[in-house]
Amino acid sequence: MKFRTGCRLDYEIPSLSTFVFNLAACDTAHQRVLWENLAIAPETAPEEYREPANGNRYHRFSASTGRLSVRYEAEVESAPTFATPGRIGAAAPGQLPLHTLPYLLPSRYCQSDHLMRLAYREFGAYRPGYNQVAAICNWIYANVDYLVGTTGPLTSAFDTATARAGVCRDFAHLGIAFCRALNIPARFVSGYAYAMEPQDFHAVFEAWLDDQWYLFDPTRRTVPENLIRIGVGRDAADVSFALIFGLAQMTGMEVYAQALEPIEGDAHTDASWHAVATA
């Protein structure tokens, strides 16, 4: 599948500020960037860094007072792997690869240690594996209202489990925390999502099952194979689309993802019949 995706971000800068953007689609075994362009006005040459462990890409530059416009666009080819959910199990902690350890421990927004009792009460009876993580997503979808404006940048998974409301970032954090409480490594994934309305940066999560990462979206606002990956991390703190050192204020944002070729079936159909590996 091929997608055209990107964003436009506009800022007003009252004083010298430094920006670190995480907007660029990443290259993985299942996703290839065919073409891309990053345009900054006033024109500047950003410093680029590619995180070697997970492929996250960061662009840093400083800008003085006035208006700033950042535009990113790319053509991306996605080739996810599909598997049968019922055949996907979970590894015991002693069998997990050590590189998954950071995604098994509590983090800033995913306090799995505070949600362990709830996780075992609700999901402990499920056989460890894909179906257990799917049950977590079903519970979040059924028990947490998707309500814009109900949460903020400090909202954690524990807060979401208590308030029972949030947006995609909060749904992902709660799914991650529940997985980690059950000894399943899980990590935050940011991206552009095709066929999601309204268009925005989207957040989902991955769980390590058997021997690879599988993608889950507890919001059900898109299907996993229609996500164009930007970055992954322990939680949203690792993959914020913009980190600003200064007093810059956002004045406009546009995010888009378009299919460049026909997509079989309905992009909004229930994906419970297959499992998707995209990392």
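A. Focus on the pattern of salt bridges. Considering all chains together, one arrives at twelve salt bridges under this definition. A salt bridge links R4 to E75; its shortest N-O distance comes to 3.6 Å. In this pair, R4 is assigned in strand β1 (residues 2-13) and E75 in strand β6 (residues 66-78), connecting sequence segments 71 residues apart. Taking the relative accessible area as the measure of exposure, R4 reaches 27% and is therefore partly exposed. Where R229 meets E206, a salt bridge forms, and the shortest distance between an N and an O atom there is 2.4 Å. Linking R229 in strand β13 (residues 227-233) with E206 in strand β11 (residues 201-209), this pair joins segments that are 23 residues apart in sequence. E206 carries the same exposure label as R229, and that label is buried.

B. Looking closely at the environment of W139. Here W139 lies in helix α2 (residues 130-143). Along the chain, W139 and P218 lie 79 residues apart, while their C-alpha atoms are 8.5 Å from each other.

C. Focus on the confidence of the model for the protein. Residues with a pLDDT of 70 or more make up 95% of the protein, whose mean pLDDT is 93. Model confidence for the protein, summarised as mean pLDDT per element, is weakest for strand β16 (residues 275-277) at 77 and strongest for helix α4 (residues 168-181) at 98. This model gives residues 266-273 a pLDDT under 50, and the stretch forms eleven contacts once residues within four places in sequence are excluded.

D. Summary view of the sheet that holds β1. Taking strand neighbours across the sheet as the criterion, the four strands line up as β3-β6-β1-β15 in an open arrangement whose pairing is antiparallel. Since the sheet does not close on itself, it has two edges, and those belong to β3 (31-41) and β15 (249-259), each with one partner. Each neighbouring strand pair of the sheet contributes to a mean axis angle of 10 degrees, computed without reference to strand direction.

E. Looking closely at α2. Along its 14 residues, α2 runs 20 Å from first to last C-alpha, staying within 8% of the 20 Å computed at 1.5 Å per residue. Where the residues of α2 are buried, they touch α1 (116-123), α4, β11, β12 (212-216) and β16.

F. Layout of the nonpolar core. Ranked by size, the top nonpolar core spans 39 residues in total, and within it L174, F178, F205, L209 and F216 carry the most contacts. Elements that contribute at least two residues to this core include exactly α1, α2, α3 (157-163), α4, β10 (186-193), β11, β12 and β16. Looking at which element gives the most residues to this core, the answer is α4, with nine residues.

G. Representation of unusual backbone geometry. Between A41 and P42 the backbone carries a cis peptide bond, its omega angle lying at 0 degrees. Mapped onto the elements of the fold, P42 is located in the loop between β3 and β4 (47-50). Of the consecutive residues E197 and P198, the connecting peptide bond is found in the cis state with omega at -10 degrees. When you line up the elements, P198 lands in the loop between β10 and β11. A positive phi angle, near 60 degrees, is found at R164, a position not held by glycine. Of note, N183 is a non-glycine position whose phi angle comes to about 65 degrees, a positive value. In this fold, N183 is placed in the loop between α4 and β10.

The rules behind each value
- Residues numbered from 1 in each chain as written.
- Predicted model: local features only at pLDDT ≥ 70, side-chain atom pairs only at ≥ 80, totals over all residues.
- Heavy atoms only, no water.
- Salt bridge = Lys/Arg side-chain N within 4 Å of Asp/Glu carboxyl O.
- Helix = DSSP H or I, 4+ residues; strand = E, 2+ residues; numbered from the N terminus.
- Buried < 20%, exposed > 50% of the residue type's maximum accessible area, 1.4 Å probe, protein only.
- pLDDT = per-residue confidence, 0-100.
- Contact = heavy atoms within 4.5 Å.
- Pairing = 2+ DSSP bridges.
- Axes fitted to C-alpha atoms, helices over the stretch in contact; angles between N-to-C directions.
- Expected span 1.5 Å × (residues − 1).
- Core = buried A, V, L, I, M, F, W, Y, C linked by side-chain atoms within 4.5 Å.

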